[in-house]
Each structure stands twice: as structure tokens, then as C-alpha cells.
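One-letter residues, chain by chain:
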Amino acid sequence: MTDISAPPALPRVLRLPLAVVTVAAALVVLVQALAYAGDSSGEWVAPVSGLPAPLWYIAQAIDFLGEPVGSAIVLAVLAGGCWLVGRRRSAVLVLAGAGVAVGVTTLLKPIVDRTIHGGYLSYPSGHTAFATAVALVLAMIAADRLALRAAAGTAFVLVIALLAGAVMGWTEVALSAHYPTDALGGFCTALAVVPPTAWAVDRFFPASL
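Residues numbered from 1 in each chain as written. Predicted model: local features only at pLDDT ≥ 70, side-chain atom pairs only at ≥ 80, totals over all residues. Heavy atoms only, no water.

The helix and strand tally for the protein stands at seven helices and two strands. In sequence order, the protein lays out its α and β elements as α-α-α-α-β-β-α-α-α. For 209 residues, the compact-globule estimate of 2.2 N^0.38 gives 17 Å, and the C-alpha radius of gyration of the protein, at 17 Å, lies within 12% of that figure. Each of the three principal axes of the protein carries a C-alpha extent, and together these read 50 × 35 × 30 Å. Contacts in the protein between residues at least 24 apart in sequence constitute 81% of all its contacts with a sequence separation of at least 6. Taken together, the 10 basic and 10 acidic charged side chains of the protein have centroids lying 18 Å from each other. (Helix = DSSP H or I, 4+ residues; strand = E, 2+ residues; numbered from the N terminus. Rg over C-alpha atoms; globule rule 2.2 N^0.38 Å. Contact = heavy atoms within 4.5 Å. Lys, Arg positive; Asp, Glu negative; His and termini not counted. Charge placed at Lys NZ, Arg CZ, Asp CG, Glu CD.)

Quick look at the structure:
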């Protein structure tokens, strides 16, 4: 049995509103997947070398955070930090939430079979899903620590997730790695999978891991 006194991965007041968000986001992912299945044209693509030097370096640095080495560093730092401050369920969720989000995008890409630049699978964006998933976990921790009520907490979590998703989404589109709707799909994928993953962590993992 789980220790109900332990800090939750998913704050209780956010369970219902984020469940609604999960369903809505999953519908967006599904509708987009059906609309763009097998598509490799018809949407604006940023020029491959379209960014001026300062922005290009910024975009490359942000993109690195979603690459295997960069994401491993991010996850290790955040999960380790959560563990050290006693939020062990959140530590598990950092790893599980990001892993599930990226895993789902990886599974969807060959199924949807949308390509960019002549053969690179693009829908949905795994980088955007990763950034959004990590931001969601951190925002839920902050909402719990601030004891925000349902409406304020939901708005806070969604704004933080949107900011992170928008930054990474801009990066992927600006670097010509994705269509804009791929970034939206990655963002919604994280919204669809992180809350239920958080619920599962709270349900099955005790605080005394």
C-alpha cells in the first residue's frame, strides 16, 4: 500500500481537471494523426539554414536538451534533486513521464508515417513531448508546494507546460526538423500521457522507495 502522507506526484486537486486535459489532448493527437497520416507536403517548412547565427546557437543549445545525452543529463539532475528533497514519487515521475511521452511519440511516428525532408519521420515531435513532460512534472511539484486550488493549479501547470512546449517547439520548427503541427502533436502527447502516468506512480509506488 502507498503512504498517503507522502508528497504526491499528481496533486489531488488536479486529478479531475488534468483528466479532462488528458482526454482533450489525446483527441488532438488522434485527429492530427489521422489528418497527416502519410503526408509529406502541404505545410510550411522553415528553411534549413534560415536562422541567423545568434538564434541558431540558441536553438542548437535548446535542441541538445532533447537529444539522448542532453535529456539524460536533464533527467538525472531533476530526478536526483527530487529524490534528495524527499519527493520520491516525483523523482519516479520525472523518469517515467518523460520516458512514456517520448516512447509514445516514437511508436506513433512509423504508424502515422508523416515525413519531412524526403523521409525523416516527423509526427509527433519527441523533443517537444520531452520538454513538455518535464515541465509538467516540475509544475505539478510547484502547484503542490504552493497549495494551489484546482482552477489556479490547473492554469499554472498548463501555462508552464505551454511555455516549455512552445520554446522547444519553436526550436524544432526553426531548425527545420519538424512542421509546426508536429510540435503541437508532441505537446499534446505529453499532456495526454503524463497525468495518467503520475496517477499510476501515486497508486503503485510507496514513498519509502
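This next bit is on the environment of L107. Relative to the helices and strands, L107 is located in helix α4 (residues 88-112). Given a relative accessible area of 60%, L107 falls into the exposed group. For the pair L107 and P124, spaced 17 residues apart in the sequence, the C-alpha separation amounts to 9.7 Å. (Buried < 20%, exposed > 50% of the residue type's maximum accessible area, 1.4 Å probe, protein only.)

What follows covers the nonpolar core. Note on soluble globular proteins: their nonpolar side chains tend to be buried together. Of all hydrophobic cores here, the largest spans 42 residues; its most connected members are L14, L93, L136, M140, V157, L191 and V194. Put simply, the parts of the chain that give this core at least two residues each are α1 (15-36), α3 (68-84), α4, α5 (126-145), α6 (150-174) and α7 (180-204). (Core = buried A, V, L, I, M, F, W, Y, C linked by side-chain atoms within 4.5 Å.)

Each α-helix winds once per 3.6 residues, and so residues spaced three or four apart point in a common direction. For α4, built from 25 residues, the straight-helix expectation of 36 Å at 1.5 Å per residue is met to within 8% by its first-to-last C-alpha distance of 36 Å. Count one or two residues on from α4 and you reach D113, which has phi positive near 60°. (Expected span 1.5 Å × (residues − 1).)

Where α5 contacts α7, the two axes come as close as 8 Å, and the packing angle between them is 40°. The angle between α5 and α7 places the two elements in the oblique class. Helix-helix and strand crossings are classified by hand; for α5 and α7 the assignment is right-handed. Facing T128, A129, T132, A133, L136, V137 and M140 of α5, the residues of α7 in contact are A183, G186, F187, A190, L191, V194 and A198. Along the lines of polarity and charge, the residues of the contact of α5 with α7 split into 11 nonpolar, three polar and no charged. (Axes fitted to C-alpha atoms, helices over the stretch in contact; angles between N-to-C directions. Parallel < 35°, antiparallel > 145°, perpendicular 65-115°, else oblique. Left-handed = near helix turned anticlockwise from the far one by under 90°. Nonpolar A, V, L, I, M, F, W, Y, C, P; charged D, E, K, R; others polar.)

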